[in-house]
Amino acid sequence: VNPSDRLWETLRDEQDRAREQARYLAGAKAANPTGRVEAGPRRTVWWGLVAIPVVAAVAVVTTFWRSRVAESLAFTAPDGQTGRIGAWIAASPEGPSPLTFSDGSLFLLSPGSRMRVTSTDADGARVVLERGQASASVVHRTTSHWVVDVGPFQVAVVGTRFDVSWDSNEEVFRLNLREGSVLVSGACIVEPRPVARGHRLRVSCKGASEELLETRGEDDGPDGVRPSPLAADATGARPATDDGVVNVPTGSSRGHAEASSRAIAPKVLPSGAWHSLVAAGRYREALELAERAGFDEQCRRAGGADLLELGDAARYAGTAKEAQLAYLAARSKLPGGGRSAYALGLLAFDRERDFGAAARWFEAYLAEQPDGNLRQEAAGRAMEAWQRAGGLDRARGAALEYLRQYPNGAQAPLARQVVNGP
Amino acid sequence: VSRSSAFGYWYPERRPGKADLTAAIERKPGDPARRSVVRLFPSTMTDSALAQALKAREPGSAELLFDRYGPYTERLIVRAVGLDPEVPDLIHEAFTRTLEGIGRLRKSSTLKGWVGSVALFTARAYLRNRRSRRRWLSLFSSEEVPEPAAVVASPEVSRTLARTYAILDTLPADERIAFALRMVDGMELTEIAQLTGVSLATVKRRIARARGLFWERARRDPMLQEHAPREKDMEEP
């Protein structure tokens, strides 16, 4: 079966189901026509003469207004509310809090951090990290222009990913560039300093020191642990181990990279923490959010529905292992496992190509969810999985059962083929 | 049959009104007609005879047309525009246009094709208007115009279909209609050409273009990329 065929069959089935359920024809009988047909041209001419210049004027004004105001980026605070310029944004003490912008840019605030968005326009925004740490992922566009004020420092950004923190007690600024480049300026820096990918900058205003450190890997330290500031305490704890850092002396640098750190204990995120990211199709970022707060901990403590959504995010992000962990964790938290068995079947079928395992998962779903709304899909998938796994007897049995229950289902042609043989 | 019947609007002296059409089509087959008007036509009447009756504005002919081609019109419109809350209005409008334009039908035997063409023409106009309306609304709001709620219950399927519709919505109306009729409805190319009033070559070109645009976007979508056809399957419409 061509993979695209299944999509169109599903679309056709759902449209036909909708035609039955929505009773469009009955609606058409009761419809109040728009009047477009009966409104003859003689009646509309003078309206048109008036309407055209009015509409044109409104369009010009609106376009102008939009170019000035409406195109400004909108943002959503961690609590899901629409963000307000200048409003104080306090990160949850429980775990990383996402601040999302309408162009797709994202700031993840570590627990206890404080941030404000002081202005936005069509090309970016100016945000102030008052305290704590943030992990930024700024979408690159040719006209992008973002500024992050961190204590007495300014980080000018075009499009990049970086972690930044400000310890107001120790007066230490830290920046870890993961992608792209930024320009840092501020009170304790003699002249604006470009920082490129793979480098970290640490500036201590108290100690009058400035260090530019080059990391060995793209993101990871030698032990494979990401040195994201989100792994450190927002109140000024040292970032993760710098054992893998090569010290690159700069004009005013002195000493070595800091060597100690204290990772925060992983905490469970509030319910639905990654929901908005998943809904927006930003699966990798949703997964990152969970990983930064401790993926295993989320699997242990998050609710079943949240875990299914996390599993979906991981599956769509292409990380089968995490998806499997989340789905398996969800099984024990939902009545009958919810749709976790079906999701695990999809994972085995589509990602791992382990058709035997996939068939067993789909059959598990059928056994666990006698009233599940994915039963038709699961039955079809089980049949196809057995067929691909070479279990022809079981495929035939599944096909007969499928045809008995869904004679007009999307997989009925395949089922007949399985029953009748090639 | 009295001229004062509910179907009197088919008489030439009065232009059909909205209420007239609704009254004409809301009766079920076999029901006694309103105001003591009995149904005039057997359901076995040929298309040619029905077309002649429609042209002559004979009572009951509109009702029979709706009974016969309502599901067909509904199917074409749903294929073309998707699960849109405007579908009932579009069906109604398609029939209104069919009845008003019936005088232009040259070969009475091609009534079904005429009905289908008008349905697709109505859907095409709607798709174009919807697109510009969304563009217009986007001037006032940075948020997407919400999609109609899908009737499907499965979140998996629902999300996949929502993304499929989202990409279909980005296609030009002509390309979308040809592509949807071919891929979703499985319609023959010659029939699509006949219904859309263009040549077979144009239909092939439209489908090929729509297919390219659709899968180019769908391959970037994590939920849809697994459905992407193999390269060799991309060649034939």
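Residues numbered from 1 in each chain as written. Chains lettered and ligands numbered in written order. Predicted model: local features only at pLDDT ≥ 70, side-chain atom pairs only at ≥ 80, totals over all residues. Heavy atoms only, no water.

1. Quick word on the overall build of chain B
Piece 1. The secondary structure content of chain B amounts to nine helices and zero strands.
Piece 2. N-terminal to C-terminal, the α/β element order of chain B is α-α-α-α-α-α-α-α-α.
Piece 3. Looking at chain B as a whole, 51% of its 237 residues are labelled buried.
Piece 4. Within chain B, contacts between residues at least 6 apart in sequence are counted, and of these 62% link residues at least 24 apart. (Helix = DSSP H or I, 4+ residues; strand = E, 2+ residues; numbered from the N terminus. Buried < 20%, exposed > 50% of the residue type's maximum accessible area, 1.4 Å probe, protein only. Contact = heavy atoms within 4.5 Å.)

2. Focus: the overall build of chain A
Piece 1. The secondary structure content of chain A amounts to 13 helices and 15 strands.
Piece 2. For chain A, buried positions account for 52% of its 422 residues.
Piece 3. Considering only intrachain contacts with a sequence separation of at least 6, the fraction spanning at least 24 residues in chain A is 51%.
Piece 4. As displayed, chain A has an accessible area near 19300 Å², and 53% of this comes from carbon and sulfur atoms. (Areas by Shrake-Rupley, 256 points an atom, 1.4 Å probe, with all protein chains shown as cover.)

3. Side note on the packing of aromatic side chains
Piece 1. As enumerated under the stated definition, the model contains 19 aromatic pairs over all chains in all.
Piece 2. Put simply, the rings of A:Tyr342, A:Phe349, A:Phe355, A:Phe362 and A:Tyr365 pair up and form one aromatic cluster.
Piece 3. Note that A:Arg381 overlies the ring of A:Phe349, its terminal NZ or CZ placed 4.9 Å from the centroid.
Piece 4. Sitting over the face of the ring of B:Tyr72, B:Lys112 holds its NZ or CZ atom 4.8 Å from the ring centroid. (Phe/Tyr/Trp six-rings, centres within 6.5 Å; stacked < 30°, edge-to-face > 60°. Lys NZ or Arg CZ within 6 Å of the ring centre and 35° of its normal.)

4. Comments concerning empty space enclosed by the protein
Piece 1. Evaluation of the coordinates by the stated rule reveals seven cavities of 30 Å³ or more.
Piece 2. Estimated volume of the largest cavity: approximately 360 Å³.
Piece 3. Along the wall of the largest cavity there are 24 residues; nearest its centre are A:Arg6, A:Thr10, A:Tyr342, A:Glu377 and B:Val157.
Piece 4. Mapped by element, the contributors of at least two residues to the lining of the largest cavity are helix 1 (3-22), helix 7 (304-316), helix 9 (340-351) and helix 11 (375-389) of chain A together with helix 6 (155-168) of chain B. (1 Å grid on protein atoms, 1.4 Å probe; cavity = no way out; pocket = protein on both sides within 12 Å on 5 of 7 lines; lining within 4 Å. Points joined across faces, edges and corners; volume = space filled by probe spheres on them.)

5. Here's the deal with the nonpolar core
Piece 1. In this structure, A:Trp8, B:Leu65, B:Val81, B:Ile91, B:Leu111, B:Phe179 and B:Phe214 are the most contacted members of the largest nonpolar core, which totals 69 residues.
Piece 2. The leading source of residues in this core is helix 3 (residues 61-81) of chain B, at 11 residues.
Piece 3. With 36 residues, the next largest nonpolar core counts A:Leu73, A:Trp166, A:Ile189 and A:Val195 among its residues. (Core = buried A, V, L, I, M, F, W, Y, C linked by side-chain atoms within 4.5 Å.)

6. Brief notes about unusual backbone geometry
Piece 1. Non-glycine residue A:Glu171 carries a positive phi angle of around 55°.
Piece 2. Structurally, A:Glu171 can be placed in the loop between strand 9 (161-167) and strand 10 (172-179).
Piece 3. Residue B:Arg57 is not a glycine yet carries a positive backbone phi of 55°.
Piece 4. Residue position: B:Arg57 is located in the loop between helix 2 (47-55) and helix 3.

7. Examining the pairing of strand 13 (residues 199-204) of chain A
Residues and elements named next belong to chain A.
Piece 1. Of all the six residues making up strand 13, six are buried; the element is thus mostly covered by neighbouring parts of the structure.
Piece 2. Here strand 13 shows two buried faces, one formed by His199, Leu201 and Val203 and the other by Arg200, Arg202 and Ser204.
Piece 3. Where strand 10 and strand 13 come together, five bridges link them in antiparallel fashion. The residue of strand 13 that forms the bridge with Arg174 is Arg202. (Pairing = 2+ DSSP bridges.)

8. Quick notes on helix 9 of chain A
Residues and elements named next belong to chain A.
Piece 1. With 12 residues, helix 9 should cover 16 Å at 1.5 Å per step; its first-to-last C-alpha distance of 16 Å lies within 8% of that length.
Piece 2. Of the positions making up helix 9, those classed as buried are Ser340, Ala341, Tyr342, Ala343, Leu344, Gly345, Leu346, Leu347, Ala348, Phe349 and Asp350.
Piece 3. Two residues or fewer past helix 9, Arg353 is found with a positive phi of approximately 55°. (Expected span 1.5 Å × (residues − 1).)

9. What to know about the pattern of salt bridges
Piece 1. All told, the structure shown has 28 salt bridges over all chains when counted by the stated rule.
Piece 2. Two residues, A:Arg161 and A:Glu288, come together in a salt bridge whose shortest N-O distance is 2.8 Å. Linking A:Arg161 in strand 9 with A:Glu288 in helix 5 (residues 283-292), this pair joins segments that are 127 residues apart in sequence. Of the two residues, A:Arg161 and A:Glu288, neither departs from the other in class, the shared state being buried.
Piece 3. Taking the shortest distance from any N to any O, the salt bridge between B:Asp185 and B:Arg75 comes out at 2.9 Å. (Salt bridge = Lys/Arg side-chain N within 4 Å of Asp/Glu carboxyl O.)

10. A closer look at the packing of helix 6 of chain B against helix 9 (residues 200-218) of chain B
All names here are of chain B.
Piece 1. Viewed as axis vectors pointing N to C, helix 6 and helix 9 meet at an angle of 130°, and their least axial separation amounts to 10 Å. Classified by the interaxial angle, the pair formed by helix 6 and helix 9 is oblique. By crossing handedness, the relation of helix 6 to helix 9 is classed as right-handed. On the side of helix 6, the interface is formed by Thr164, Ile167 and Leu168, while helix 9 contributes Phe214, Arg217 and Ala218. (Axes fitted to C-alpha atoms, helices over the stretch in contact; angles between N-to-C directions. Parallel < 35°, antiparallel > 145°, perpendicular 65-115°, else oblique. Left-handed = near helix turned anticlockwise from the far one by under 90°.)

11. Quick look at the packing of helix 7 (residues 173-183) of chain B against helix 8 (residues 189-196) of chain B
All names here are of chain B.
Piece 1. Running from N to C, helix 7 and helix 8 point in directions that differ by 145°, and their axes come no closer than 10 Å. The hand of the helix 7/helix 8 crossing is right-handed. On the side of helix 7, the interface is formed by Ile177, Ala178, Leu181 and Arg182, while helix 8 contributes Leu189, Ile192 and Thr196.
Piece 2. Considered class by class, the residues forming the contact of helix 7 with helix 8 number five nonpolar, one polar and one charged. (Nonpolar A, V, L, I, M, F, W, Y, C, P; charged D, E, K, R; others polar.)

12. A look at a nonpolar patch on the surface
Piece 1. A contiguous nonpolar patch, built from A:Leu49, A:Val50, A:Val54 and A:Val58 and spanning about 350 Å² of accessible area, is present on the exposed surface.
Piece 2. Here A:Val58 is to be found in helix 3 (residues 41-70). (Patch = residues over 30% accessible without salt bridge, like charges linked within 9 Å, V, L, I, M, F, W, Y side chains within 5 Å.)

13. Considering the pairing of strand 11 (residues 181-186) of chain A
Piece 1. As defined by bridge partners, strand 8 (residues 153-157) of chain A adjoins strand 11 of chain A across five bridges and the pair is classed as antiparallel. Within the sheet, the bridge partner assigned to A:Ala156 lies in strand 11 of chain A and is A:Leu183.

14. Digging into the environment of B:Gln194
Piece 1. Note that B:Gln194 resides in helix 8.
Piece 2. Sequence separation of B:Gln194 and B:Ser117 is 77 residues, and the distance between their C-alpha atoms is 8.0 Å.

15. Quick word on the environment of A:Leu175
Residue and element names in this part refer to chain A.
Piece 1. Mapping Leu175 onto the fold places it in strand 10.
Piece 2. For Leu175 and Phe162, which are 13 residues apart along the polypeptide, the C-alpha to C-alpha distance reads 7.0 Å.
Piece 3. Among all residues touching Leu175, those that are not within four sequence positions of it are Phe162, Asp163, Val164, Val182, Val184, Val195, His199, Arg200 and Leu201.

16. Some details on the confidence of the model for chain B
Close inspection of predicted coordinates is inappropriate in any region flagged by low pLDDT.
Residues and elements named next belong to chain B.
Piece 1. For chain B, the mean per-residue pLDDT works out to 75, and 68% of the residues sit at or above 70.
Piece 2. No element of chain B has a lower mean pLDDT than helix 1 (residues 18-25), at 57, and none a higher one than helix 7, at 94.
Piece 3. Of the regions scoring below 50 in pLDDT, residues 1-16 engages in 42 contacts with residues more than four places distant in sequence or in other chains.
Piece 4. Per-residue pLDDT stays below 50 along residues 32-39; that stretch engages in 21 contacts with residues further than four places along the chain or on separate chains.
Piece 5. Overall fold confidence for the complex sits at a pTM of 0.44, while the interface term, ipTM, reaches 0.74. (pLDDT = per-residue confidence, 0-100.)

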